[in-house]
Amino acid sequence: MALHGKTALVTGSTSGIGLGIASVLAARGANVVLNGFGDPTAALAEVRRHGTQVAHHGADVSDPAQLAELFEYVRTSLGGVDILVNNAGIQHVEAVEAFPVERWDAIIAINLSSVFHGIRLALPGMREKGWGRIVNIASVHGQVGSVGKSAYVAAKHGVIGLTKVVGLETATTQITCNAICPGFVLTPLVQKQIDDRAAKGGDPAAAQRELLAEKQPSLEFVTPEHLGELVLFLCSEAGSQVRGAAWNIDGGWLAQ
Ligand code: NAD
(Lines give C-alpha, C1' and ligand atoms only; values in the text may rest on other atoms or scores of the structure.)
Protein backbone atom coordinates (compact mmCIF):
# COMPACT_ATOMS: atom_id res chain seq x y z
CA MET A 1 0.00 0.00 0.00
CA ALA A 2 1.67 3.23 -1.13
CA LEU A 3 0.30 6.52 0.09
CA HIS A 4 2.58 8.84 -1.88
CA GLY A 5 0.79 12.08 -2.71
CA LYS A 6 -1.82 11.59 0.02
CA THR A 7 -2.12 13.84 3.07
CA ALA A 8 -3.15 12.38 6.40
CA LEU A 9 -4.41 14.39 9.36
CA VAL A 10 -4.17 12.50 12.64
CA THR A 11 -5.71 14.32 15.60
CA GLY A 12 -4.10 13.82 19.00
CA SER A 13 -0.85 12.56 17.53
CA THR A 14 1.80 14.10 19.77
CA SER A 15 1.73 10.89 21.82
CA GLY A 16 0.41 7.34 22.09
CA ILE A 17 -1.78 5.75 19.45
CA GLY A 18 -2.01 8.80 17.18
CA LEU A 19 1.76 9.10 16.98
CA GLY A 20 2.08 5.40 16.14
CA ILE A 21 -0.53 5.65 13.38
CA ALA A 22 1.05 8.83 11.96
CA SER A 23 4.42 7.11 11.82
CA VAL A 24 3.07 4.05 9.96
CA LEU A 25 1.25 6.28 7.42
CA ALA A 26 4.42 8.34 6.82
CA ALA A 27 6.45 5.13 6.42
CA ARG A 28 4.12 4.28 3.49
CA GLY A 29 4.69 7.68 1.89
CA ALA A 30 1.90 9.90 3.23
CA ASN A 31 2.47 13.52 4.13
CA VAL A 32 1.21 13.95 7.67
CA VAL A 33 -0.19 16.74 9.80
CA LEU A 34 0.20 16.02 13.48
CA ASN A 35 -2.05 17.60 16.08
CA GLY A 36 -2.11 17.58 19.86
CA PHE A 37 -0.90 19.28 22.98
CA GLY A 38 2.58 19.49 24.46
CA ASP A 39 5.95 20.05 22.80
CA PRO A 40 5.69 18.38 19.36
CA THR A 41 9.48 18.25 18.74
CA ALA A 42 9.95 14.54 19.51
CA ALA A 43 6.79 13.51 17.60
CA LEU A 44 7.84 15.57 14.57
CA ALA A 45 11.31 13.97 14.61
CA GLU A 46 9.81 10.45 14.89
CA VAL A 47 7.45 10.90 11.92
CA ARG A 48 9.89 12.94 9.78
CA ARG A 49 12.45 10.13 9.75
CA HIS A 50 10.39 8.54 6.96
CA GLY A 51 11.22 11.48 4.67
CA THR A 52 7.73 12.81 3.83
CA GLN A 53 6.38 16.28 4.61
CA VAL A 54 5.31 16.48 8.25
CA ALA A 55 3.85 19.46 10.11
CA HIS A 56 2.16 20.08 13.45
CA HIS A 57 -0.87 22.22 14.29
CA GLY A 58 -1.86 22.66 17.94
CA ALA A 59 -5.64 23.12 17.51
CA ASP A 60 -7.78 22.17 20.49
CA VAL A 61 -10.22 19.76 18.80
CA SER A 62 -12.92 20.53 21.37
CA ASP A 63 -13.22 24.00 19.79
CA PRO A 64 -14.94 23.85 16.36
CA ALA A 65 -13.37 27.18 15.33
CA GLN A 66 -9.85 25.86 16.01
CA LEU A 67 -10.66 22.65 14.12
CA ALA A 68 -11.77 24.74 11.14
CA GLU A 69 -8.43 26.60 11.30
CA LEU A 70 -6.63 23.24 11.35
CA PHE A 71 -8.43 22.05 8.19
CA GLU A 72 -7.73 25.37 6.45
CA TYR A 73 -4.06 24.98 7.40
CA VAL A 74 -3.95 21.47 5.86
CA ARG A 75 -5.72 22.74 2.72
CA THR A 76 -3.33 25.62 2.11
CA SER A 77 -0.10 23.85 3.15
CA LEU A 78 -0.58 20.27 1.90
CA GLY A 79 -3.54 20.29 -0.49
CA GLY A 80 -6.26 19.14 1.90
CA VAL A 81 -7.06 16.03 3.91
CA ASP A 82 -7.20 12.68 2.05
CA ILE A 83 -7.01 10.51 5.17
CA LEU A 84 -8.61 11.69 8.41
CA VAL A 85 -7.84 9.77 11.58
CA ASN A 86 -10.05 11.08 14.40
CA ASN A 87 -7.96 9.91 17.32
CA ALA A 88 -7.74 12.64 20.00
CA GLY A 89 -9.28 11.45 23.23
CA ILE A 90 -9.21 11.73 27.00
CA GLN A 91 -10.40 9.60 29.89
CA HIS A 92 -11.74 10.17 33.41
CA VAL A 93 -12.69 7.30 35.73
CA GLU A 94 -15.24 7.97 38.47
CA ALA A 95 -18.68 6.67 39.48
CA VAL A 96 -21.50 8.39 37.62
CA GLU A 97 -23.03 10.17 40.63
CA ALA A 98 -19.65 11.73 41.48
CA PHE A 99 -18.59 12.36 37.88
CA PRO A 100 -17.47 16.01 37.52
CA VAL A 101 -19.80 17.79 35.10
CA GLU A 102 -16.87 19.65 33.56
CA ARG A 103 -15.11 16.29 32.79
CA TRP A 104 -18.30 14.92 31.21
CA ASP A 105 -18.54 17.98 28.94
CA ALA A 106 -14.84 17.79 28.01
CA ILE A 107 -15.00 14.06 27.16
CA ILE A 108 -18.10 14.49 24.99
CA ALA A 109 -16.51 17.49 23.22
CA ILE A 110 -13.12 15.85 22.60
CA ASN A 111 -14.05 12.16 22.14
CA LEU A 112 -17.35 12.59 20.25
CA SER A 113 -18.23 16.08 18.98
CA SER A 114 -14.74 16.62 17.49
CA VAL A 115 -15.29 13.49 15.38
CA PHE A 116 -18.50 15.02 13.96
CA HIS A 117 -16.76 18.34 13.29
CA GLY A 118 -13.74 16.65 11.70
CA ILE A 119 -15.92 14.59 9.36
CA ARG A 120 -18.08 17.63 8.52
CA LEU A 121 -14.97 19.63 7.63
CA ALA A 122 -13.21 16.81 5.73
CA LEU A 123 -16.01 15.53 3.50
CA PRO A 124 -16.38 18.45 1.01
CA GLY A 125 -12.69 18.24 0.04
CA MET A 126 -12.80 14.44 -0.17
CA ARG A 127 -15.91 14.58 -2.40
CA GLU A 128 -14.13 17.09 -4.65
CA LYS A 129 -11.11 14.78 -4.93
CA GLY A 130 -13.31 11.69 -5.38
CA TRP A 131 -11.44 9.70 -2.72
CA GLY A 132 -11.08 9.69 1.02
CA ARG A 133 -10.61 7.60 4.12
CA ILE A 134 -12.05 8.45 7.52
CA VAL A 135 -10.95 6.29 10.44
CA ASN A 136 -12.39 6.99 13.86
CA ILE A 137 -10.47 5.58 16.81
CA ALA A 138 -13.34 4.39 19.00
CA SER A 139 -12.70 1.66 21.59
CA VAL A 140 -14.04 -1.62 22.90
CA HIS A 141 -15.91 0.86 25.10
CA GLY A 142 -17.91 1.79 22.00
CA GLN A 143 -19.52 -1.65 22.32
CA VAL A 144 -19.50 -2.55 26.01
CA GLY A 145 -19.38 -0.67 29.30
CA SER A 146 -16.98 -0.67 32.26
CA VAL A 147 -17.65 0.82 35.68
CA GLY A 148 -16.44 4.36 36.21
CA LYS A 149 -16.28 5.23 32.50
CA SER A 150 -19.75 6.71 31.84
CA ALA A 151 -18.67 9.67 29.71
CA TYR A 152 -16.03 7.71 27.78
CA VAL A 153 -18.40 4.80 27.07
CA ALA A 154 -21.21 7.17 26.03
CA ALA A 155 -18.87 9.09 23.70
CA LYS A 156 -17.38 5.95 22.11
CA HIS A 157 -20.84 4.39 21.54
CA GLY A 158 -21.72 7.69 19.85
CA VAL A 159 -18.63 7.49 17.63
CA ILE A 160 -19.68 4.05 16.38
CA GLY A 161 -23.22 5.29 15.62
CA LEU A 162 -21.86 8.31 13.77
CA THR A 163 -19.47 6.06 11.83
CA LYS A 164 -22.38 3.91 10.60
CA VAL A 165 -24.32 6.95 9.37
CA VAL A 166 -21.33 8.46 7.55
CA GLY A 167 -20.52 5.03 6.10
CA LEU A 168 -24.03 4.97 4.63
CA GLU A 169 -23.99 8.59 3.45
CA THR A 170 -20.76 7.92 1.50
CA ALA A 171 -21.60 4.35 0.43
CA THR A 172 -21.70 5.04 -3.33
CA THR A 173 -18.45 7.03 -3.33
CA GLN A 174 -14.78 6.18 -3.00
CA ILE A 175 -14.85 7.65 0.49
CA THR A 176 -15.11 5.19 3.38
CA CYS A 177 -15.73 5.80 7.07
CA ASN A 178 -14.93 3.17 9.69
CA ALA A 179 -14.21 2.87 13.39
CA ILE A 180 -11.45 0.89 15.07
CA CYS A 181 -12.08 -0.51 18.53
CA PRO A 182 -8.84 -1.14 20.42
CA GLY A 183 -8.57 -2.93 23.73
CA PHE A 184 -5.87 -1.76 26.15
CA VAL A 185 -2.85 -0.06 24.53
CA LEU A 186 -0.04 0.99 26.87
CA THR A 187 -0.11 4.77 26.35
CA PRO A 188 -0.13 7.67 28.87
CA LEU A 189 -3.97 7.37 28.95
CA VAL A 190 -3.77 3.77 30.25
CA GLN A 191 -0.59 4.29 32.28
CA LYS A 192 -2.56 6.76 34.42
CA GLN A 193 -5.13 4.04 35.19
CA ILE A 194 -2.30 1.66 36.15
CA ASP A 195 -0.70 4.33 38.36
CA ASP A 196 -4.06 5.06 40.05
CA ARG A 197 -4.47 1.34 40.85
CA ALA A 198 -0.90 1.06 42.14
CA ALA A 199 -1.47 4.14 44.33
CA LYS A 200 -4.24 2.23 46.13
CA GLY A 201 -1.70 -0.45 47.12
CA GLY A 202 0.53 -2.87 45.22
CA ASP A 203 3.29 -2.29 42.73
CA PRO A 204 2.85 -0.96 39.17
CA ALA A 205 3.79 -4.29 37.53
CA ALA A 206 1.08 -6.12 39.51
CA ALA A 207 -1.44 -3.33 38.72
CA GLN A 208 -0.65 -3.71 35.00
CA ARG A 209 -1.10 -7.51 35.14
CA GLU A 210 -4.42 -7.12 36.98
CA LEU A 211 -5.73 -4.55 34.49
CA LEU A 212 -5.07 -6.90 31.56
CA ALA A 213 -6.31 -10.01 33.38
CA GLU A 214 -9.67 -8.35 34.12
CA LYS A 215 -10.49 -7.61 30.48
CA GLN A 216 -7.99 -8.68 27.83
CA PRO A 217 -7.69 -12.48 27.36
CA SER A 218 -4.41 -12.30 25.42
CA LEU A 219 -2.84 -10.71 28.54
CA GLU A 220 -0.86 -8.54 26.11
CA PHE A 221 -1.31 -4.92 25.09
CA VAL A 222 -2.37 -3.94 21.57
CA THR A 223 0.34 -1.64 20.16
CA PRO A 224 0.10 1.67 18.26
CA GLU A 225 1.89 -0.09 15.38
CA HIS A 226 -0.82 -2.79 15.19
CA LEU A 227 -3.38 0.02 14.93
CA GLY A 228 -1.33 1.83 12.28
CA GLU A 229 -1.26 -1.33 10.13
CA LEU A 230 -5.07 -1.67 10.46
CA VAL A 231 -5.51 1.96 9.36
CA LEU A 232 -3.27 1.18 6.37
CA PHE A 233 -5.51 -1.75 5.42
CA LEU A 234 -8.60 0.47 5.62
CA CYS A 235 -6.81 2.93 3.30
CA SER A 236 -6.04 0.19 0.75
CA GLU A 237 -8.08 -0.99 -2.24
CA ALA A 238 -8.81 -4.22 -0.36
CA GLY A 239 -10.39 -2.10 2.36
CA SER A 240 -12.63 -0.17 -0.03
CA GLN A 241 -15.77 -2.20 0.76
CA VAL A 242 -15.34 -2.01 4.52
CA ARG A 243 -17.92 0.68 5.28
CA GLY A 244 -19.46 1.82 8.54
CA ALA A 245 -17.70 -0.98 10.42
CA ALA A 246 -16.52 -1.11 14.02
CA TRP A 247 -13.40 -3.27 13.84
CA ASN A 248 -12.20 -4.89 17.07
CA ILE A 249 -8.47 -5.20 17.77
CA ASP A 250 -8.60 -6.06 21.43
CA GLY A 251 -6.77 -9.26 22.39
CA GLY A 252 -10.14 -11.02 22.61
CA TRP A 253 -11.86 -8.55 25.00
CA LEU A 254 -15.16 -8.48 23.07
CA ALA A 255 -15.22 -12.21 22.36
CA GLN A 256 -16.09 -12.89 26.00
P1 NAD B 1 -2.76 9.69 24.82
O2 NAD B 1 -3.13 10.39 26.09
O3 NAD B 1 -1.45 8.98 24.74
O4 NAD B 1 -2.83 10.69 23.60
C5 NAD B 1 -3.91 11.55 23.43
C6 NAD B 1 -3.54 12.58 22.38
O7 NAD B 1 -4.66 13.45 22.22
C8 NAD B 1 -2.35 13.46 22.80
O9 NAD B 1 -1.59 13.78 21.64
C10 NAD B 1 -3.03 14.71 23.33
O11 NAD B 1 -2.22 15.88 23.24
C12 NAD B 1 -4.22 14.79 22.39
N13 NAD B 1 -5.32 15.59 22.89
C14 NAD B 1 -5.99 15.50 24.06
N15 NAD B 1 -6.94 16.44 24.14
C16 NAD B 1 -6.88 17.14 22.97
C17 NAD B 1 -7.60 18.23 22.44
N18 NAD B 1 -8.59 18.82 23.13
N19 NAD B 1 -7.25 18.72 21.23
C20 NAD B 1 -6.25 18.15 20.53
N21 NAD B 1 -5.53 17.10 20.96
C22 NAD B 1 -5.85 16.61 22.18
O23 NAD B 1 -4.00 8.69 24.54
P24 NAD B 1 -4.10 7.36 23.65
O25 NAD B 1 -4.20 6.22 24.56
O26 NAD B 1 -3.07 7.35 22.58
O27 NAD B 1 -5.55 7.57 23.03
C28 NAD B 1 -5.77 7.93 21.71
C29 NAD B 1 -7.17 7.50 21.30
O30 NAD B 1 -7.29 6.09 21.39
C31 NAD B 1 -8.28 8.08 22.19
O32 NAD B 1 -9.40 8.43 21.40
C33 NAD B 1 -8.61 6.92 23.11
O34 NAD B 1 -9.93 6.98 23.58
C35 NAD B 1 -8.43 5.75 22.15
N36 NAD B 1 -8.23 4.47 22.80
C37 NAD B 1 -7.17 4.26 23.63
C38 NAD B 1 -6.99 3.02 24.22
C39 NAD B 1 -5.84 2.71 25.13
O40 NAD B 1 -5.84 1.63 25.71
N41 NAD B 1 -4.83 3.56 25.25
C42 NAD B 1 -7.91 1.99 23.97
C43 NAD B 1 -8.99 2.25 23.12
C44 NAD B 1 -9.12 3.48 22.54
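Residues numbered from 1 in each chain as written. Predicted model: local features only at pLDDT ≥ 70, side-chain atom pairs only at ≥ 80, totals over all residues. Heavy atoms only, no water.

Per an unreviewed UniProt entry, the chain goes by the name 3-hydroxybutyrate dehydrogenase and belongs to Pseudomonas coleopterorum. UniProt lists a comment for the chain under the heading Sequence similarities (unreviewed entry), and it reads "Belongs to the short-chain dehydrogenases/reductases (SDR) family." (UniProt positions renumbered as here; feature names shortened; annotations may be inferred.)

Neighbouring the ligand are 30 residues, the closest being S15, N87, Y152, V185 and T187. At 2.9 Å from an oxygen atom of the ligand is found a side-chain nitrogen or oxygen belonging to K156. Compared with its free state, where it exposes 830 Å², the ligand has 93% of that area covered by protein. When residues of the shell around the ligand are traced back to their parent elements, those giving at least two are α1 (16-27), α5 (150-169) and α6 (188-199). Among the elements that take part in the shell around the ligand, α6 stands out by supplying three residues, more than any other. Residue classes in the shell around the ligand are distributed as 16 nonpolar, twelve polar and two charged. Taken domain by domain, the makeup of the shell around the ligand includes at least three residues from each of domain 1 (7-184 + 222-255) and domain 2 (186-221). (Near = heavy atom within 4 Å. Polar contact = N/O pair within 3.5 Å; in protein donor to acceptor, adjacent residues only side chain to side chain. Areas by Shrake-Rupley, 256 points an atom, 1.4 Å probe, with all protein chains shown as cover. Helix = DSSP H or I, 4+ residues; strand = E, 2+ residues; numbered from the N terminus. Nonpolar A, V, L, I, M, F, W, Y, C, P; charged D, E, K, R; others polar. Domains from an automatic or database assignment.)

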